[in-house]
Amino acid sequence: MNQIKIGAFISERRKAKGWTQSQLAEKLEITDKAVSKWETGRSMPDLSLFLPLCTLLEVTLNELFAGEYIAEEKLKEKADEVLMDVITNWLGHDKWELKESDTALQNVLEVENVSKLYENVSTGHENILEQHKTENNSVLAINDVSFQIPHGSFVGIMGASGSGKTTLLNLIATIDKPTNGIIRISGQNIVDIPDEATAEFRRRHLGFVFQEYNLLETLTVYENIALALTIKEVSKENIRPMIQSLSEKLDISAILDKFPYEISGGQRQRCACARAIVVNPDIILADEPTGALDSHAARQLLDTFAMLCREFSATILMVTHDVMAASYCDRILFMKDGEIKAALNREQENKQTFFAEILKKVEWIEGER
Amino acid sequence: MYLKLSIRNARRSFIDYLLYVAAMTVLLAIIEISNCIAIIGELAGFQVIFLPLLIAAIQIALVGYIDFFLLKQRAKEFASYLLLGMEKKRLTRLFLWEVLLIGFCCYIVGTTIGFSIYELWYFRDSMHGIKHCGFLYGRSMFYTLLFFGLIETVCSFRLKGRLNKLQIRELMHERNSNQGIKNIGSYKKWGVIFFLCFVCFIGCVCGIVFLPEVYIVYPVSVVAIPLLVSVFAFYKWVFGYLYAYRRMNPVRIYQKDRLYIAANMTSNFKTAATVNAVFCICFLFSGCSFVTGMLILQPEFQLFDTAMRQWMGTSQISICIVLLVIYFSILSLQQIIEVRQSSKSNQIMCCMGKSNKQIEKLVNKQIAIKLLSPIIMALLVILFCIPLLNGKMNLILPVSLNNILLELAGEFGACIVVFYICYFGIICVMSKRYMNTSAICAGLPF
């Protein structure tokens, strides 16, 4: 049984019905993240959902498991095929669970040989221009970068100003397009997405936490989080319970009715995290989230990120200068001159040991000049 | 040094001051024109002093609002000065001098423009056989200076009071602060006031229509009071209700763009209520002037001789146009500045998954609502009054002028639609400059 084929078939039927993932999820009384997982082949529906799903999509069970329409004349042949498949899988039922956990390790983000060239640039910084200059005063901001980020991991990108990390984040955030290479988020090549569809992609798959100006000043904290759900067209009845349960986990229940200017910087960043995670994005992109915070508030925010990874299986990609912030990550990518110079994985070390290793790595990279 | 600082600050805050400059110049030009009309009218035996007084009252309300808007924009800068050790008294003087300096320049420009327009328009008229240009200019400038002094004094006192109240911490957050209220249910009292005053107003109109002629003078002399109070109370009630509804977090608000629009409308709901009331009054007086002017110009209307009729009718229609221009121009300028200032919000919405088209649509919706909201109460007044007054006029006026009021109301409505479409189109086109594709996402903090 081809899970990816089944997922594509579910997606095709859903779109033919004119439903969004949220609408299908609402009809089945499940989360839209589950529907997203089915459609990308990362998991299969629960047993109890097969029949309701078939009824909604107006397909037979045979067609669902085959992942395609079955013509009348091929009905018997395909039905036997599907039954054989199901029995085989049933006898090796535990393999489904393995597949589920396998897919848990699947990459959320895959960056392959990505480059970004800016043409006819005048930066006013002649030394940088000289270093990166190609013909016609072009600047190679990103040079053949490749890496993967598995699901549920907390990855940091460190680098000096001008190293290209902001440009890389722009490319992943669908704000800019690479000159070469492929960027896949949850299996979808975002380079091919037409401009008019990028907003929908961001809505469904991405969350953002900036250094500042995360929240709309005219809305309360509750409304800021609700706005993200409203834009994603989540059913209005589900909004309040979702925000209430999330705010308890993030310890912001007491400030839901406050405006952003009435709360501290650390609280604002935690609210920004709440807004980013509430829409169940595939990946959260954080740009120097601790940049404007004091050390205590920064630690609280980073603990929040770690909790999101642990309890919500969130995948976070964080750009930072701060070694202390980087020590919270599972993996660090070190960028310099538009390239990834090194990577550091946190195995079993504690934060302090990892902190020291990061410092050594940073010194080594600086010494390469 | 402080004068240099004032001038430099004024230059740097040009866009923020644009609203102030435009409003002051236009309104002072209008006061100058109306003073010229009042002086000429006085010479001809008419009392038209109410017109410049009305414009001055509107100007006090509008300029007061704009002053607070300027204070909001520069509050953080003022907080920085105070942190650096500048005394509050000195800072207050600095800001008030800036505002006065700019106001005085607007006075010079506004009165020159106003007098030139008056010269161009009215000196062709046979009413102005005697060209006492210098006398008229001098006297009108003097009266306008008095009005200008009154407006600046009132607005400066209010601004000074506001600045003195704000502490450094409050100044740091003034720009982003939202207006709030301790008792969310207090909007209900405005509802009661509105209802009572509106009933009084309708009562006065019914008195004008149904009472014998000898008694009509009583409702006519007081009808403006319940009208003005009910307009003010209506907007206080509506905006208070919207604010209370939003703060109750009802489920229905979390659909489409309702939350964002409601939040923007109610973030400064107290000021918005006052500004909408002022613009509504502007609109109502504009309508009255139009109807009065057109009526006077009817040949069957034989209250005055032809020359006087022409002069008065044209004056009234000019007042109508002037008030409409105030209404639409200042509202439009306000919208353009708000769109420019909401660029950060647009960037955040872009990140949350709104496409540029959706953001443009949202902004256009807000513009349409804000241009229309002051007209709502005016429509209510017109709906009740026009049929009643039309019936009365059919009894008084010649048969050839039957239903003239309905006709004129229709013509006025058509003018408004044309104005609305034109200004809406202009604001949408201008606001697009701040919302093109690369601008929204390229401005992201990454």
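This structure is a prediction, so every number in the text was calculated from the model and none was measured.

Criteria and thresholds
- Residues numbered from 1 in each chain as written.
- Chains lettered and ligands numbered in written order.
- Predicted model: local features only at pLDDT ≥ 70, side-chain atom pairs only at ≥ 80, totals over all residues.
- Heavy atoms only, no water.
- Helix = DSSP H or I, 4+ residues; strand = E, 2+ residues; numbered from the N terminus.
- Buried < 20%, exposed > 50% of the residue type's maximum accessible area, 1.4 Å probe, protein only.
- Domains from an automatic or database assignment.
- Contact = heavy atoms within 4.5 Å.
- Buried area = accessible area lost by both parts, 1.4 Å probe.
- Patch = residues over 30% accessible without salt bridge, like charges linked within 9 Å, V, L, I, M, F, W, Y side chains within 5 Å.
- Areas by Shrake-Rupley, 256 points an atom, 1.4 Å probe, with all protein chains shown as cover.
- Salt bridge = Lys/Arg side-chain N within 4 Å of Asp/Glu carboxyl O.
- Lys, Arg positive; Asp, Glu negative; His and termini not counted.
- Charge placed at Lys NZ, Arg CZ, Asp CG, Glu CD.
- Axes fitted to C-alpha atoms, helices over the stretch in contact; angles between N-to-C directions.
- Parallel < 35°, antiparallel > 145°, perpendicular 65-115°, else oblique.
- Left-handed = near helix turned anticlockwise from the far one by under 90°.
- Nonpolar A, V, L, I, M, F, W, Y, C, P; charged D, E, K, R; others polar.
- UniProt positions renumbered as here; feature names shortened; annotations may be inferred.
- Pairing = 2+ DSSP bridges.
- Phe/Tyr/Trp six-rings, centres within 6.5 Å; stacked < 30°, edge-to-face > 60°.
- Lys NZ or Arg CZ within 6 Å of the ring centre and 35° of its normal.

A. Local environment of the environment of D287 of chain A. All names here are of chain A. Within the fold, D287 resides in strand β7 (residues 283–287). Classification of D287 as buried rests on a relative accessible area of 7%. Along the chain, D287 and A314 lie 27 residues apart, while their C-alpha atoms are 16 Å from each other.

B. Expanded view of the domain arrangement of chain A. Residues and elements named next belong to chain A. Per the domain assignment, the segments making up chain A are domain 1 (3–104) and domain 2 (108–367). Measuring from the centre of the C-alpha atoms in domain 1 to the corresponding centre in domain 2 gives 33 Å. Contacts between the two partners involve eight residues from domain 1 and, on the opposite side, nine residues from domain 2. Between domain 1 and domain 2, roughly 900 Å² of surface is buried when both sides are summed, and carbon and sulfur atoms account for 40% of that area.

C. Broad picture of a positive patch on the surface. All names here are of chain B. Together, K89, R90, R93 and K160 give the surface a local cluster of positive charge. At three residues, helix α4 (residues 88–122) tops the list of elements feeding residues into the positive patch. Checked against the element boundaries, R90 lands in helix α4. Assessed through its relative accessible area of 34%, R90 is described here as partly exposed.

D. Representation of the packing of helix α11 (residues 269–297) of chain B against helix α15 (residues 404–432) of chain B in the model. All names here are of chain B. The geometry of α11 relative to α15 is characterised by a closest axis approach of 10 Å and an angle of 130 degrees between their N-to-C directions. When the axes of α11 and α15 are compared, the pair comes out oblique. Judged by the sense of rotation from one axis to the other, the crossing of α11 with α15 is right-handed. Of the residues in α15, those touching α11 at F283, S286, G287, F290, V291, M294 and L295 are I404, L405, L408, E411, F412 and I416. For the contact of α11 with α15, the residue count by class is ten nonpolar, two polar and one charged.

E. Representation of the UniProt feature "domain: HTH cro/C1-type" (unreviewed entry) in chain A. Per the UniProt record, "domain: HTH cro/C1-type" (unreviewed entry) is found at residues 10–64 of chain A. Along residues 10–64 of chain A the backbone is 69% helical and 0% strand, and the end-to-end C-alpha distance reaches 8 Å.

F. Fine view of the packing of helix α13 (residues 343–351) of chain B against helix α14 (residues 356–396) of chain B. Residue and element names in this part refer to chain B. Interhelical geometry of α13 versus α14 gives an angle of 135 degrees and a closest axis separation of 10 Å. Between α13 and α14, the angle falls in the class oblique. For the pair α13 and α14, the sense of crossing is right-handed. On α14, the residues that touch N346, M349 and C350 of α13 are N356, I359, L362 and V363. Considering only residue class, the contact of α13 with α14 consists of five nonpolar, two polar and no charged.

G. Quick look at the sheet that holds strand β8 (residues 316–320) of chain A. Residues and elements named next belong to chain A. One open sheet holds the six strands; their spatial order is β6-β7-β8-β3-β9-β10, and the pairing between them is mixed. Because the sheet does not close on itself, it has two edges, and the strands there are β6 (206–209) and β10 (339–345). Averaged over all pairs of adjacent strands, the angle between their axes in this sheet comes to 20 degrees, without regard to strand direction. One ladder, built from four bridges, connects β7 with β8; its direction is parallel. Note on β8: the bridge partner recorded for I284 is I316.

H. Region of the structure containing the side chain of Q59 of chain B. Residue and element names in this part refer to chain B. Mapped onto the fold, Q59 is located in helix α3 (residues 50–83). Exposure remark for Q59: the relative accessible area of 0% places this residue in the buried category. If near-sequence neighbours (up to four positions away) are discounted, Q59 is found in contact with M24, L27, L28, I31, G64 and I151.

I. View of the environment of L168 of chain A. Residues and elements named next belong to chain A. With respect to the helices and strands, the residue L168 is situated in helix α9 (residues 165–172). Separated by 114 residues in the primary sequence, L168 and D282 have C-alpha atoms spaced 17 Å apart. L168 has contacts with I142, V145, F147, I157 and M335, leaving out every residue within four places of it along the chain.

J. Representation of the sheet that holds strand β2 (residues 139–150) of chain A within the structure. Residues and elements named next belong to chain A. Read across the sheet, four strands follow the order β2-β1-β4-β5 without closing on themselves; strand pairing throughout is antiparallel. With partners counted over all chains shown, the strands left at the sheet margins are β2 and β5 (188–189), one partner each. The strands touched by α9 within the sheet are β1 (107–118), β2 and β4 (180–185), with β2 carrying the most contacts at an inclination of about 60 degrees.

K. Examining the packing of aromatic side chains more closely. If you walk through the whole model with that rule in mind, you get 32 aromatic pairs over all chains. An aromatic cluster of three or more residues is present, and its members are F279, F283, F290, Y327, F328, F412, F419 and Y423 of chain B. Its guanidinium or amino end placed over the ring of W364 of chain A, K361 of chain A lies 5.5 Å from that ring's centre, counting from NZ or CZ.

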